[in-house]
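The lines below spell out each chain.
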Amino acid sequence: MRFDTDEDIDRRLGERLKAARLRLGLTLDDLARRSGVSRAMISRVERGESSPTAALLVRLGSGLGLSLSALLGAAESAGPLSRRDAQAVWRDPASGYVRRNVSPRGTGSGFEIVEVELPGGAEVRLDSAVGAPALDQQIWVLAGRLGLTIDGIGSELAAGDCLQMYLRKTIIYRNPAAEPVRYAVILAAGSGSFPGYAA
């Protein structure tokens with residue numbers, strides 16, 4: 001897998017977050033209220049002074065009505081064909097999970113596909129931002145085993161299993177094995193924006 005290892009990834013993420021916040025006419029305090037992230041942390045992320053985790057990006061993105069794909073993807077890759085070597089790849093600094101934006105950008109399609117590899121023993125907990133709309137998504141395990149806890153209810157998926165869910169509350173993705181688990185996430189647009197819960 002190719003990783004986006006540019007030294008300025010934090011700066012680019014910060015710039016995208018700030019631009020999205022300003023487009024919506026939100027102050028730092030407004031976004032803090034909507035996302036549940038402190039004003040100080042938002043400011044640090046916007047200035048590129050912090051390496052945000054997946055959990056933090058999900059909260060900020062959903063507070064802005066943006067998916068992780070929108071935050072992590074490259075605008076120049078817009079079009080109907082998404083070549084693997086041009087797909088945005090990002091590694092979560094907290095869990096080590098690797099996230100690949102598979103779907104072509106800028107097509108107006110009503111769904112999005114993300115490929116994820118979660119290392120052995122790793123866990124990612126994602127919470128929705130305050131007032132974020134529910135998100136319809138399906139998890140399809142390609143290799144390995146994936147433990148999911150959705151609003152306190154646990155499930156374990158094996159290779160080939162697919163789970164559909166509406167997300168609005170806490171979800172925990174967990175790899176109970178020593179080997180990585182690889183899965184696809186298919187998100188449906190629903191209300192017209194992806195809040196970005198996919199891990």
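Bear in mind that the values here come from a model prediction, so they are computed numbers and not experimental data.

Cut-offs and rules
Residues numbered from 1 in each chain as written. Predicted model: local features only at pLDDT ≥ 70, side-chain atom pairs only at ≥ 80, totals over all residues. Heavy atoms only, no water. Axes fitted to C-alpha atoms, helices over the stretch in contact; angles between N-to-C directions. Helix = DSSP H or I, 4+ residues; strand = E, 2+ residues; numbered from the N terminus. Parallel < 35°, antiparallel > 145°, perpendicular 65-115°, else oblique. Left-handed = near helix turned anticlockwise from the far one by under 90°. Contact = heavy atoms within 4.5 Å. Pairing = 2+ DSSP bridges. Phe/Tyr/Trp six-rings, centres within 6.5 Å; stacked < 30°, edge-to-face > 60°. Buried < 20%, exposed > 50% of the residue type's maximum accessible area, 1.4 Å probe, protein only. Expected span 1.5 Å × (residues − 1). Polar contact = N/O pair within 3.5 Å; in protein donor to acceptor, adjacent residues only side chain to side chain. pLDDT = per-residue confidence, 0-100. Salt bridge = Lys/Arg side-chain N within 4 Å of Asp/Glu carboxyl O.

## A few points about the packing of helix 1 (residues 9–23) against helix 4 (residues 54–64)
Argument step 1. It is the contact of helix 1 with helix 4, at a shortest axis distance of 10 Å, that shows an interaxial angle of 25 degrees. Here helix 1 lies roughly parallel to helix 4, going by the angle between them. Regarding helix 1 and helix 4, the two cross each other, and that crossing is left-handed. Facing Leu13, Leu17, Ala20 and Arg21 of helix 1, the residues of helix 4 in contact are Leu57, Leu60 and Leu64.

## A word on the sheet that holds strand 4 (residues 123–126)
Argument step 1. An order of 4-9-6-7 is seen for the four strands of this open sheet, with the pairing classed as antiparallel. The open sheet has two edge strands with one neighbour each: strand 4 and strand 7 (153–158). Across the sheet, the axes of successive neighbouring strands diverge by a mean angle of 15 degrees, strand direction being ignored.
Argument step 2. Here strand 4 pairs with strand 9 (residues 171–174) via four bridges, running antiparallel.

## Structural notes on the packing of aromatic side chains
Argument step 1. Inspection of the entire model under this criterion finds two aromatic pairs.
Argument step 2. Taking the centre distance of 6.3 Å and the plane angle of 85 degrees together, the rings of Trp90 and Tyr97 count as edge-to-face. Each member of the pair, Trp90 as well as Tyr97, carries the same accessibility label: buried.
Argument step 3. Both rings, one in Tyr173 and one in Tyr183, keep their centres 5.9 Å apart while their planes meet at 10 degrees; by these two values the pair is stacked. Within this pair, whereas Tyr173 is found in strand 9, its partner Tyr183 is found in strand 10 (residues 181–188), the two being separated by ten residues in sequence. For the pair Tyr173 and Tyr183, one class covers both residues: buried.

## A closer look at helix 1
Argument step 1. The end-to-end C-alpha distance of helix 1, which contains 15 residues, comes to 21 Å, matching closely the 21 Å that a straight helix rising 1.5 Å per residue would cover.
Argument step 2. Listed as buried for helix 1 are Ile9, Asp10, Arg12, Leu13, Gly14, Leu17, Ala20 and Arg21.

## Some words on the side chain of Ser62
Argument step 1. With respect to the element layout, Ser62 can be found in helix 4.
Argument step 2. Only 3.3 Å separates the side chain of Ser62 from the backbone oxygen of Arg59, close enough to count as a polar contact.

## Some words on the confidence of the model for the protein
Argument step 1. When pLDDT is averaged along the protein, the result is 83; 82% of the residues meet or exceed 70.
Argument step 2. Of the regions scoring below 50 in pLDDT, residues 1–6 engages in 18 contacts with residues more than four places distant in sequence or in other chains.
Argument step 3. Note on residues 190–198: pLDDT under 50 across the span, and 43 contacts to partners over four residues away in sequence or across chains.

## Description of unusual backbone geometry
Of all residues except glycine, most have a negative phi; of all peptide bonds, most are trans.
Argument step 1. Even without being a glycine, Asp151 presents a positive backbone phi close to 50 degrees.
Argument step 2. Residue position: Asp151 is located in the loop between strand 6 (145–150) and strand 7.
Argument step 3. Given a relative accessible area of 47%, Asp151 falls into the partly exposed group.

## Things to note about the pairing of strand 9
Argument step 1. Both strand 6 and strand 9 contribute to a ladder of four bridges, which runs antiparallel. Its bridge partner lying in strand 9, Leu148 is registered against Tyr173.

## What to know about the pattern of salt bridges
Argument step 1. According to the stated counting rule, one finds nine salt bridges in the structure shown.
Argument step 2. Here Arg39 and Asp29 are joined by a salt bridge, their closest N and O atoms 3.2 Å apart. Residue Arg39 is located in helix 3 (residues 39–46), and its partner Asp29 is located in helix 2 (residues 28–35); the two are separated by ten residues in the primary sequence.
Argument step 3. Asp30 is the partner of Arg33 in a salt bridge, and the nearest nitrogen-oxygen pair spans 2.6 Å. Here Arg33 and its partner Asp30 are both found in helix 2, three residues apart, which amounts to about one turn of the helix.
Argument step 4. Among the residues examined, Arg33 registers a relative accessible area of 55% and is labelled exposed.
Argument step 5. Ionic contacts of the salt-bridge type, sharing partners, join the residues Arg84, Arg100, Glu115 and Arg182 into one network.

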